Amino acid sequence: MELGEKLEVTIYRFNPAADKEPRYETYQVPYRSRMVVLGALQYIYEELGVEFTFPPSYCGCNKCGMCGVKVNGVPVASCWEPVQPKMLIEPLDNFPVIRDLVTDKSELEEASEMLRPYLVRKKPYPGFPEPITH
């Protein structure tokens, strides 16, 4: 893609508290070097002044998954996924929609916490630098 070339970005819009049915809105976004999906969403929100809800990016490096959306039917991390010339951006399928592209991931977070996906020390932290043994 060339700098300034227009992307066609269609966004899923739905507020369960106010809307009966979801709708889709399409915007033109100028391409920027190394632009990712989150950058296109931020452009629509900040530069075009469209108020909508989209997932935040905590890590910005494809690690935490909090910015997950579907782009053209494929789940992606919006902070990492390069833009495409024509994109349909929707919320992830397996979670209830809170509003627009934001989903409720509380059940996933609770299940992850029960797995204890972190290391637990058996001995107290000796301080930095920590000696490494075999």
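Quick caveat, the model's predicted, so the values are computed rather than measured. (Residues numbered from 1 in each chain as written. Predicted model: local features only at pLDDT ≥ 70, side-chain atom pairs only at ≥ 80, totals over all residues. Heavy atoms only, no water.)

**Topic: the overall build of the protein chain**
Link 1 in the chain: Counting its regular elements, the protein chain contains two helices and seven strands.
Link 2 in the chain: Traced from its N-terminal end to its C-terminal end, the protein chain shows the element sequence β-β-α-β-β-β-β-β-α.
Link 3 in the chain: Look at the contacts in the protein chain between residues 6 or more apart in sequence, and 45% of them connect residues 24 or more apart.
Link 4 in the chain: Split by element, the accessible area of the protein chain, about 9300 Å² in all, is 53% carbon and sulfur.
Link 5 in the chain: One way to put it: in the protein chain the 15 positive side-chain charges average out to a point 7 Å from where the 19 negative ones average out. (Helix = DSSP H or I, 4+ residues; strand = E, 2+ residues; numbered from the N terminus. Contact = heavy atoms within 4.5 Å. Areas by Shrake-Rupley, 256 points an atom, 1.4 Å probe, with all protein chains shown as cover. Lys, Arg positive; Asp, Glu negative; His and termini not counted. Charge placed at Lys NZ, Arg CZ, Asp CG, Glu CD.)

**Quick look at unusual backbone geometry**
Link 1 in the chain: Each neighbour pair has its own omega, and for Phe-128 with Pro-129 the value is -5 degrees, a cis peptide bond.
Link 2 in the chain: Within the secondary structure, Pro-129 is located in the segment after helix H2 (106-115).
Link 3 in the chain: In this structure, Arg-34 takes a positive phi of about 60 degrees despite not being glycine.
Link 4 in the chain: In this fold, Arg-34 is placed in the loop between strand S2 (23-30) and helix H1 (37-46).

**Here's the deal with the pairing of strand S4 (residues 74-77)**
Link 1 in the chain: Note: strand S3 (residues 68-71) against S4, four bridges, orientation antiparallel. Residue pairing for S4: Val-71 is matched across the bridge by Val-74.
Link 2 in the chain: Remark: two residues form the turn of the hairpin made by S3 and S4, two consecutive strands paired antiparallel; Asn-72 in that turn has positive phi of roughly 50 degrees. (Pairing = 2+ DSSP bridges.)

**Quick notes on the packing of aromatic side chains**
Link 1 in the chain: The full count for this structure, using the stated rule, is five aromatic pairs.
Link 2 in the chain: Both rings, one in Tyr-12 and one in Tyr-24, keep their centres 5.7 Å apart while their planes meet at 75 degrees; by these two values the pair is edge-to-face. Here Tyr-12 is found in strand S1 (residues 6-13), whereas its partner Tyr-24 is found in strand S2, with twelve residues between them in sequence.
Link 3 in the chain: Their ring planes at 35 degrees and their centres at 5.1 Å tell us that Phe-52 and Phe-54 sit as a pair that is tilted. (Phe/Tyr/Trp six-rings, centres within 6.5 Å; stacked < 30°, edge-to-face > 60°.)

**Side note on the state of the cysteines**
Disulfides are covalent bonds that connect the sulfur atoms of two cysteines.
Link 1 in the chain: A complete count under the given rule lists zero disulfides for this structure.
Link 2 in the chain: Here Cys-79 is not cross-linked by a disulfide; its sulfur's nearest cysteine counterpart is in Cys-67, at 3.6 Å. (Disulfide = S-S within 2.5 Å.)

**A word on the environment of Val-37**
Link 1 in the chain: Here Val-37 lies in helix H1.
Link 2 in the chain: Expressed as a C-alpha distance, the spacing of Val-37 and Met-87, which sit 50 residues apart in the sequence, is 8.9 Å.
Link 3 in the chain: Sequence-distant contacts of Val-37, that is, excluding residues within four places in its chain, are made with Val-71, Ser-78, Glu-81, Pro-82, Val-83, Met-87 and Ile-89.

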